[in-house]
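Inside the fold
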Amino acid sequence: MTAAAIKPPGRVGFVGLGNMGRPMAHCLAGAGFTLAVNDLDATRSAGFTASHKAEAPASLAALAEGCDAVITILPDGKAVRAVVLGQGGAQNDCLAAGMKPGSVLIDMSSSSPVDTRALAAALAERGIALVDAPVSGGVKRAMDGTLATMVGGAPADVERCRPVLAAMCKFIYPNGPVASGHAMKALNNGVAAAAFA
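Reference entry: report on the structure contained in this document. Remember, predicted model here, so these are calculated numbers, not experimental data.

1. Brief notes about the overall build of the protein chain
- Per the secondary structure count, the protein chain includes nine helices and nine strands.
- Taking 16 Å as the expected radius of gyration for a compact globule of 197 residues, we find that the protein chain reaches 15 Å, a close match to that expectation.
- If one aligns the C-alpha atoms of the protein chain with their principal axes, the spans along those axes are about 45 × 35 × 35 Å.
- Residue pairs in contact within the protein chain that sit at least 24 positions apart in sequence constitute 67% of those at least 6 positions apart.

2. Notes on helix α4 (residues 77-85)
- Taken as a whole, α4 has its buried residues at G77, V80, V83, V84 and L85. The arc that holds the buried residues of α4, viewed along the axis, is 170 degrees, so those residues lie on one side.
- Its buried side turned inward, α4 meets β1 (11-15), α3 (60-64), β4 (69-72), α5 (95-98), β5 (104-107) and α6 (113-124).
- Looking one or two residues beyond α4, the residue adopting positive phi is G86, at roughly 85 degrees.

3. Description of the packing of α4 against α6
- Where α4 contacts α6, the axes come no closer than 10 Å and their chain directions differ by 10 degrees. Viewed along their axes, α4 and α6 adopt a mutual orientation that is roughly parallel. Two secondary-structure elements touch here, α4 through G77, K78, V80, R81, V84 and L85 and α6 through D115, A118, L119, A122 and L123.
- Here the contact of α4 with α6 is composed, by residue class, of seven nonpolar, one polar and three charged.

4. Brief notes about the environment of P163
- With respect to the helices and strands, the residue P163 is situated in helix α8 (residues 155-166).
- Using a relative accessible area of 23% as the deciding quantity, one classes P163 as partly exposed.
- P163 sits 158 residues away from A5 along the chain, and the two C-alpha atoms are 7.1 Å apart.
- Among all residues touching P163, those that are not within four sequence positions of it are A5, I6, K7 and F33.

5. Some remarks on α6
- With 12 residues, α6 extends 16 Å from end C-alpha to end C-alpha; this agrees with the ideal 16 Å at 1.5 Å per step.
- Taken together, the buried positions of α6 are P113, T116, L119, A120, A122 and L123.

6. What to know about unusual backbone geometry
- The linkage connecting P8 with the following residue, P9, adopts the cis geometry, with an omega of 5 degrees.
- Locating P9 in the fold gives a position in the segment before β1.
- One non-glycine residue, A179, lies in the positive phi region at around 85 degrees.
- Examined against the element boundaries, A179 turns out to sit in the loop between β9 (169-176) and α9 (180-196).
- Its relative accessible area of 2% is what places A179 among the buried residues.

7. What about the side chain of R11?
- Locating R11 in the fold gives a position in strand β1.
- Polar contacts involving the side chain of R11 include one to the side chain of E55, which spans 2.6 Å.
- Within the structure, R11 has its side chain in polar contact with the backbone oxygen of L63 (distance 3.1 Å).
- Residue contacts for R11: discarding those within four places in its chain leaves T34, A36, E55, P57, A62, L63, E65, G66, C67, D68 and A69.

Analysis parameters
Residues numbered from 1 in each chain as written. Predicted model: local features only at pLDDT ≥ 70, side-chain atom pairs only at ≥ 80, totals over all residues. Heavy atoms only, no water. Helix = DSSP H or I, 4+ residues; strand = E, 2+ residues; numbered from the N terminus. Rg over C-alpha atoms; globule rule 2.2 N^0.38 Å. Contact = heavy atoms within 4.5 Å. Buried < 20%, exposed > 50% of the residue type's maximum accessible area, 1.4 Å probe, protein only. Arc of directions from axis to C-beta. Axes fitted to C-alpha atoms, helices over the stretch in contact; angles between N-to-C directions. Parallel < 35°, antiparallel > 145°, perpendicular 65-115°, else oblique. Nonpolar A, V, L, I, M, F, W, Y, C, P; charged D, E, K, R; others polar. Expected span 1.5 Å × (residues − 1). Polar contact = N/O pair within 3.5 Å; in protein donor to acceptor, adjacent residues only side chain to side chain.

This is the structure:
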């Protein structure tokens, strides 16, 4: 039996309220999702909750509790792994400590495909799925919810997350299994760099 799609007012965790993350979280709130947010800079979390109907739990584990999906948008895959599994993979205050079996981690960072596959395997042992969905379009498109995302993951997991992704992204491109979204983003970045050069 396929799990139901994650739709408003479902509870979604959001980690990373930087230049891209904050407007993306804003779009999720505007779509009616119930948000729990976190940023390494606590003032960003406080600023977001002051202007949106959202909460900022005291720990990553508390943020993840009761969430059908948790989104990460962080500088790289190593930062994502530290937040998800804790430093060294064994800390209590990490997302995996609070995520329930059957929930989904949506990594929207520009992470290494190799790191993503390893993280997916670690989460699968806990009954948690991973969908990688890096984005393209920059801050302007993040603000108006018209980003493009290249998505990797099991088809059922991708479809379950589609309403969440659609709140932030106008273009959703499923690419294949876990880590294929991050692989496509790396290729996209390489082509863009060549064009600029």
